Amino acid sequence: MNKNVKKLVLLAMFSAVAYLLVALIRIPLVPAVPFLHYEPKDVILVIAGFLMGPIASLIIAALVALLEMVTISSTGPIGCLMNFLSSAAFACTAAIIYKRTRTATGAAFGLSVGSVATAILMLLWNWLITPLYMGVSRDVVVQLLFPAFLPFNLLKGGFNSALALGLYKPLVTALRRSHLIDQREGQPTKSKYGIYILAGSLLLTCTVLVLLLQSNL
């Protein structure tokens, strides 16, 4: 199969899987903002970015946000914009860093920076846009920024990072065996046990934090 055709197939496949995850999995994380749900689509976006570069993440983020807007979302253009910005900030930032340092450490660092960058960016955009969406004054939204929007986006980044670290190697191995990527492409990073320990610890920590928030402790 031609290399360009393979890339188009991968883009279509990753986009479809990301959209399905949006449609099937919607988990509330922070009770103070029940209209925000965690969807693991960004895991797929960042893995695509690790394999094909940040532009791939950007394209898939735009496609999935548009598909979501015209099919299952009730938030219209505002929701589309916010979904795109959040996904692109996380996945593209991580992919840019990983492209320069293709190691387990580079992947973990990229995901960490992507999570923090997304949380900061979404504070700004929630301050700008959410009053229009919620139909409330900006003062009301300001009171939710740090106790609600910030923990939501940090938890979202933590879950996405943990799942991406844990799923990257198995997914790359499967794609190589199916000949959708070359044997030299997407070479799984070393230190796999350390990565799995880190991913498991991060996943457990985020889960405990969500349970504490849900129980109002």
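As a further point, take empty space enclosed by the protein. Taken as a whole and assessed by the stated rule, the structure comprises two cavities of 30 Å³ or more. Reported here for the second largest cavity is a volume of approximately 40 Å³. Secondary structure elements with two or more residues in the lining of the second largest cavity: α4 (76-100), α5 (104-134) and α6 (138-177). Here the lining of the second largest cavity is built from residues that sort into one nonpolar, six polar and two charged.

On to the packing of helix α2 (residues 41-52) against α4, then. Packing of α2 against α4 leaves a shortest axis separation of 8 Å and a crossing angle of 35°. Both α2 and α4 take part in a crossing whose hand is right-handed. Where α2 approaches α4, its residues Lys41, Asp42, Leu45, Val46, Gly49 and Phe50 are matched on the opposing element by Asn83, Ser86, Ser87, Phe90, Ala91, Ala94, Ala95 and Tyr98. Grouping the amino acids of the contact of α2 with α4 by side-chain chemistry returns eight nonpolar, four polar and two charged.

Another aspect to go through is the pattern of salt bridges. Scanning the model with the defined rule gives four salt bridges in all. For glutamate 68, the salt bridge is made with lysine 41, and the minimal N-O distance between the two is 3.5 Å. Of this pair, glutamate 68 sits in helix α3 (residues 54-71) while lysine 41 sits in helix α2, and the two are 27 residues apart along the sequence. Assigned by exposure class, glutamate 68 and lysine 41 land together as buried. Here lysine 156 makes a salt bridge to aspartate 42, at a shortest N to O gap of 3.9 Å. In this pair, lysine 156 sits in helix α6 while aspartate 42 sits in helix α2, placing the two residues 114 residues apart along the sequence. Accessibility classification places lysine 156 together with aspartate 42 in one group, the buried group. Several salt bridges share partner residues, and in doing so they unite Arg26, Glu39, Lys41 and Glu68 into one network.

What counts as what
Residues numbered from 1 in each chain as written. Predicted model: local features only at pLDDT ≥ 70, side-chain atom pairs only at ≥ 80, totals over all residues. Heavy atoms only, no water. 1 Å grid on protein atoms, 1.4 Å probe; cavity = no way out; pocket = protein on both sides within 12 Å on 5 of 7 lines; lining within 4 Å. Points joined across faces, edges and corners; volume = space filled by probe spheres on them. Helix = DSSP H or I, 4+ residues; strand = E, 2+ residues; numbered from the N terminus. Nonpolar A, V, L, I, M, F, W, Y, C, P; charged D, E, K, R; others polar. Axes fitted to C-alpha atoms, helices over the stretch in contact; angles between N-to-C directions. Left-handed = near helix turned anticlockwise from the far one by under 90°. Contact = heavy atoms within 4.5 Å. Salt bridge = Lys/Arg side-chain N within 4 Å of Asp/Glu carboxyl O. Buried < 20%, exposed > 50% of the residue type's maximum accessible area, 1.4 Å probe, protein only.

Just distances and angles here, no functional claims.
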